[in-house]
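Next come the chains, spelled out residue by residue.
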Amino acid sequence: PKYVYDFTEGNKDLKDLLGGKGANLAEMTNLGLPVPPGFTITAEACRRYLEDGGVPEGLSDEVETHLVALEKGMGKRLGAADDPLLVSVRSGAKYSMPGMMETVLNIGLNDESVQGLAKQAGEERFAWDSYRRLIQMFGKTVLGIDGELFEGAIDDAKRHKGVDSDLDLDAADFQRLVETYKGIVREQTGSDFPSDPREQMRLAVEAVFESWNAPRAIIYRRQERIPTDLGTAVNIVAMVFGNLGMESGTGVAFTRDPGSGQQGVYGDYLQNAQGEDVVAGIRNTVPLQELEQIDPASYRQLLDIMKTLENHYRDLCDIEFTIERGKLWMLQTRVGKRTAAAAFRIAVQLVDQGLIDLDEAVSRVTGDQLAQLMFPRFDLSADRRRIAKGMNASPGAAVGKAVFSSEYAKEMAGRGEDVILVRRETTPDDLVGMIAAQGVLTSRGGKTSHAAVVARGMGKTCVCGAEELEVDAQERCFTAPDGVVVNEGDVISIDGTTGEVYLGEVPVMASPVVEYFEGTGDRGDELVEAVHRIMNHADERRRMEVRANADNPDDAARARRFGARGIGLCRTEHMFLGDRRRLVEDLILASSKDERRAALDALEPLQKSDFAGILAAMDGLPVTIRLIDPPLHEFLPDLTALSVKIALAGDTASSRDRGLLEAVKRLHEQNPMLGLRGVRLGLVIPGLFAMQVRAIAEAVAERRAAGGDPRAEIMIPLVSAVQELEGVRDEAERILAEVGVEALIGTMIEVPRAALTAGQIAEAADFFSFGTNDLTQMTWGFSRDDVEAAFFSRYLDLGIFGVSPFETLDRSGVGRLMTIAVEEGRATRPGIKLGICGEHGGDPESVHFCHEIGLDYVSCSPFRVPVARLEAGRAAL
Ligand code: PEP
Ligand code: MG
């Protein structure tokens, strides 16, 4: 393969090969902009180097050929004694990883060429300063010497001379410093600083290759979800000097404000300096506008170039430049990072300027950015004291008094107090408390723990698995690692976007974008207008519908305002909590047919009114109601607590409690996720599913009689075999016919066997909805409630996956099962409706996958609906 590309050979689309920096340097070169000449060693060479543990064959020769050509072009030889060419060796991966990898400047200097440089530049001080910078950078990055040693030597030199600034050191000082530095190198490595320029360059290139696997780079990639196997390209660039006196300097510029999107002159400039001085903050930069006074010609040229780049890239660009004695040089450009708000604003501004069309605008923003704009945020300029960090389970910013039980949360909220529910972990019983609270904080459980899933569904802020907190529900307090004790009633603030927990109140700012979706917002706001236009276009483009997971009329109505076209998952078990729990207990305790009938009869009207409310909120749109799914013991008291209660009560224990204890023991399961739940319950507990189906049928009839347009769909969970579904379906059809209404009857595909036998299951199903939470759990054999907190961070470290499969759909495993089910389901029943209702339905990457395999809709929590709409639109472009 060809490992080396001259800047004149590449272009901006070769980022895979040349990295971002190299591809854009080539692009600028070809645009005729003033880029110092140079060449790029490909990321492919880096990958080979890292895999084989050595320089790939042919690379050295290719580098030499390009270096000789560079020398010819410049009319100088690398490190020559009389008039040396110097080069920089700069890392540059496909994705920008600011400051994570290495760069070495001034390669080519040694005891002879430093004299030549001094002579040519007419600047002794500059030459010796450049030389000591080389030894310092080379020593640190290539030889792995602690940078403090070099810093310390400069400090000594300044102290010795009685000055504060590097600017006060002269040529002789730097010359002495070079000797000191060489001593440090000898002492630390046992060898002399390499004086052969080609040797310097070779070692620097290898160091850049190796910096791909530096610990901080690995951590950064994991954080930013950058693949680990890309490698970095290496750019060899002829040096230009910003430190050749006050007519020289270096700076950064943005073609627009990356915070707001506003067009204008944004950036910083530093006279008589090299790039790393700006980053290191050794001296204060001045605003870019001041360059107009300092060097008007370069300033005007820079503005022209900025305009050229924006028009060429049709986007915000950021730029690094250097001025060497009045001559402007471009050292880097790229499409610049920006805040979420700026991304939306800029996309629409560029449409209005005629630079891009709306399709392109939609492709330039992401669901993650939209999600960021939807959460209230803490005002981070305010003072705050962080006491712990957990998992960022459901984004947002919540402030309130810590409370340690759901009852108390409800009571306090009833009095108009803002509370944060703090639990070790939550159970379905905590639903009332979670609804009442501003936010939820747990010390146990991962991102698919009960607290996390339910909080996301409600759009409620949640930090879970903050393991450093000792939560003591008995004593009604928790203790943070630094000994802070938070008692019930003390105010805390939790940041569900970052997982941070603060003591006291941190000020919160509301989201104008949510207000817009709610229909209460101000369309005059530029950001809101941009979101509006982009969302409209995404809606026009997308093929998939977006539905919501919601199980009460309020959530359903909000989801509809947010653009949901129906309910994809109404979890009926959420309707069995609170006061109704006792009725479920009655059902479980029933010892005769009559008792069972009575319990079911008591539940039915309640269910019917639940369903009627949701059907009303989604009038005219499909509402998929899932029959009860979780194991029954979830509705019974805790085994230990109940045993203790009965033991304490002794002979006076009620017979109901004794009966309950029996039932709890009977229903206790070692692995309830794989036990008596879903369709199995419907087949084993007579009358339970029938009651729910009748309640749905009657709710439909009632809505119809009231002039509504109810569209119920009945969904059977946890089916593994068509035989399970057939029985339930026959009964449901009979009941629907009795009541005289119609509804689709379908199933979830959430057990691997269901996916593998989808062709058979489709015989009895009008629709499939992929329950990818369970499907992921059962495909990987990962317990949803346990693994994330237990060992996922280790799995991420090991690179077994780059992101939790509970968060982003595992395409090759779970996705493969889905693909099989889609194909075989459609083969049996061509018109079968296909959707997804697991948490992945609101995850951008997973939405794209659902589009690719041809699903008809995705369903997600109400607050993710706009995100899914946008991503479904982007997927369809
Ligand atoms: C699923 O398993 O993906 C699903 C939606 O059902 P639940 O999360 O209620 O098990
Ligand atoms: Mg499930």
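Residues numbered from 1 in each chain as written. Chains lettered and ligands numbered in written order. Predicted model: local features only at pLDDT ≥ 70, side-chain atom pairs only at ≥ 80, totals over all residues.

Take the overall build of the protein chain next. Check the secondary structure of the protein chain and you find 35 helices and 33 strands. Dimensions of the protein chain, computed from C-alpha atoms along their principal axes, come out at roughly 105 × 60 × 55 Å. Out of the 877 residues belonging to the protein chain, those deemed buried represent 50%. Relative to all contacts within the protein chain whose residues are 6 or more apart in sequence, the contacts with residues 24 or more apart total 67%. (Helix = DSSP H or I, 4+ residues; strand = E, 2+ residues; numbered from the N terminus. Buried ≥ 20, exposed ≤ 12 C-beta atoms within 10 Å, placed from the backbone. Contact = placed C-beta atoms within 7 Å.)

Now for the pairing of strand 26 (residues 545-549). Burial analysis of strand 26 places five of its five residues in the buried class, which makes it a mostly covered element. Alternating residues of strand 26 divide into Glu545, Arg547 and Asn549 and Val546 and Ala548, and every residue in both groups is buried. By the bridge criterion, four bridges tie strand 26 to strand 33 (residues 857-860) in an arrangement that is parallel. Bridging across to strand 33, Ala548 finds its partner in Cys860. Where strand 26 meets strand 27 (residues 567-571), two bridges bridge the pair, whose relative direction is parallel. Bridge pairing in strand 27 places Ala548 opposite Ile567. In this fold, the crossover linking strand 26 to strand 27 by way of helix 21 (residues 553-561) has right-handed handedness. (Pairing = 2+ DSSP bridges. Right-handed = clockwise from strand over helix to strand, strands pointing away.)

A few words on the site of ligand 1. The environment of ligand 1 is formed by Leu569, Arg571, Asp629, Glu750, Gly771, Thr772, Asn773, Asp774, Cys837 and Gly838. Split into classes, the residues belonging to the shell around ligand 1 amount to two nonpolar, four polar and four charged. (Near = placed C-beta within 6 Å. Nonpolar A, V, L, I, M, F, W, Y, C, P; charged D, E, K, R; others polar.)

Let us now look at the sheet that holds strand 27. Neighbouring strands of a sheet are bound in pairs by backbone hydrogen bonds; such pairs are parallel or else antiparallel. Read once around its circumference, the closed barrel built from eight strands follows the order 26-27-28-29-30-31-32-33, with strand pairing classed as parallel. Within this sheet the neighbouring strands show an average axis-to-axis angle of 25 degrees, counted without direction. Pairing of strand 32 (residues 833-836) with strand 33, which is carried by two bridges, proceeds in the parallel orientation. Of the residues in strand 33, the one forming a bridge with Ile836 is Val858. The sheet strands contacting helix 33 (residues 814-828) are strand 30 (744-749), strand 31 (767-770) and strand 32, and the helix crosses strand 31 at an angle near 175 degrees. (Axes fitted to C-alpha atoms, helices over the stretch in contact; angles between N-to-C directions.)

Note on interface size: it is often stated as the accessible area lost on association of the parts. For the protein chain, the assigned domains read domain 1 (4-238), domain 2 (249-335), domain 3 (376-510) and domain 4 (542-572 + 608-627 + 691-875). Each of domain 1 and domain 2 has a C-alpha centre, and the two are 22 Å apart. Counting residues per element, the side of domain 1 that touches domain 2 draws most heavily on helix 1 (residues 15-30), at four residues. For the side of domain 1 that touches domain 2, the per-class residue count stands at seven nonpolar, three polar and two charged. (Domains from an automatic or database assignment.)

For any two helices packed against each other, the geometry is given by the interaxial angle and the distance between the axes. Closest axis-to-axis distance for the helix 27 (residues 688-705)/helix 28 (residues 722-739) pair is 9 Å, and the angle between their directions is 35 degrees. For the crossing formed where helix 27 meets helix 28, the hand is right-handed. The residues of helix 28 that touch helix 27, namely those facing Phe689, Ala690, Val693, Arg694, Ala697, Glu698 and Ala701, are Val728, Glu731, Ala732, Ile735, Leu736 and Val739. By residue class, the composition of the contact of helix 27 with helix 28 is 10 nonpolar, no polar and three charged. (Left-handed = near helix turned anticlockwise from the far one by under 90°.)

Next up on the list: the packing of helix 5 (residues 124-142) against helix 7 (residues 171-189). Close contact between helix 5 and helix 7 brings their axes to 8 Å; oriented N to C, the two are set at 20 degrees. When the axes of helix 5 and helix 7 are compared, the pair comes out roughly parallel. The crossing of helix 5 and helix 7 is left-handed. Residue-level inspection shows Glu124, Arg125, Trp128, Asp129, Tyr131, Arg132, Ile135, Gln136 and Gly139 of helix 5 in contact with helix 7, the latter providing Ala171, Phe174, Gln175, Leu177, Val178, Tyr181, Lys182, Ile184 and Val185. Tallied by class, the residues present in the contact of helix 5 with helix 7 amount to 10 nonpolar, three polar and five charged. (Parallel < 35°, antiparallel > 145°, perpendicular 65-115°, else oblique.)

Turning next to the environment of Asp638. Counting through the fold element by element, Asp638 comes out in the loop between strand 28 (622-626) and helix 24 (639-649). A C-alpha to C-alpha distance of 46 Å links Asp638 and Ala875, two positions 237 residues apart in sequence.

Now for the pairing of strand 30. Counting buried positions along strand 30 gives five out of six residues, so the element sits mostly inside the fold. As judged from the four bridges shared by strand 29 (residues 711-716) and strand 30, these two strands associate in the parallel manner. Looking at strand 30, one finds that Ile716 is bridged to Thr747. In the classification by handedness, the crossover that spans strand 29, the intervening helix 28 and the parallel strand 30 is right-handed.

Sequence positions flagged by UniProt for "domain: PEP-utilising enzyme C-terminal" (unreviewed entry) are, in local numbering, residues 529-873. In this annotation, residues 529-873 is assigned 53% helix and 11% strand; the end-to-end C-alpha distance for the span is 18 Å. (UniProt positions renumbered as here; feature names shortened; annotations may be inferred.)

In this section: the UniProt feature "domain: Pyruvate phosphate dikinase AMP/ATP-binding" (unreviewed entry) in the protein chain. The positions that UniProt labels "domain: Pyruvate phosphate dikinase AMP/ATP-binding" (unreviewed entry) are, in the present scheme, residues 59-284 and 291-342. Secondary structure over residues 291-342 splits into 48% helix and 33% strand, and the C-alpha atoms at its two ends are 26 Å apart.

Our next topic: the sheet that holds strand 5 (residues 87-93). Taken in spatial order, the five strands make up an open sheet running 1-2-7-5-6, and their pairing is antiparallel. At either margin of the open sheet sits one strand with a lone partner, and together these are strand 1 (4-6) and strand 6 (103-107). Mean inter-strand twist for the sheet, computed between neighbouring axes without regard to direction, equals 20 degrees.

On to unusual backbone geometry. At Arg314, a residue that is not glycine, the phi angle is positive and equals roughly 50 degrees. Exposure remark for Arg314: the 16 C-beta atoms within 10 Å place this residue in the partly exposed category. The backbone phi angle of Arg476 is positive, close to 55 degrees, even though this residue is not glycine. Mapped onto the fold, Arg476 is located in the loop between strand 20 (470-472) and strand 21 (477-479). For Arg476, a count of 17 C-beta atoms within 10 Å translates into the label partly exposed.

Residues Val87, Ala347, Ile534, Ile696 and Val858 are the most contacted members of the largest nonpolar core, which totals 260 residues. If near-sequence neighbours (up to four positions away) are discounted, Val858 is found in contact with Met544, Val546, Gly835, Ile836, Gly841, Val847, Cys850, Ala868 and Ala872. (Core = buried A, V, L, I, M, F, W, Y, C linked by C-beta atoms within 7 Å.)

Turning our eyes to something else, we now look at the environment of Cys850. Residue position: Cys850 is located in helix 34 (residues 844-852). Exposure remark for Cys850: the 29 C-beta atoms within 10 Å place this residue in the buried category. Counting along the chain gives 666 residues from Cys850 to Ile184, while the straight-line C-alpha distance between them is 59 Å. Here Cys850 is in contact with Met544, Ile836, Leu855 and Val858, once residues within four sequence places are set aside.

Right, let's talk about helix 24 for a bit. Burial analysis of helix 24 places just zero of its 11 residues in the buried class, which makes it a mostly uncovered element. Of the residues flanking the end of helix 24, it is Gly650, one or two places downstream, whose phi is positive at about 55 degrees.

The next subject is the environment of Asp166. Mapped onto the secondary structure, Asp166 falls in the loop between helix 6 (147-161) and helix 7. Taking the C-beta count within 10 Å as the criterion, Asp166 has 16 such neighbours and is therefore assigned partly exposed.

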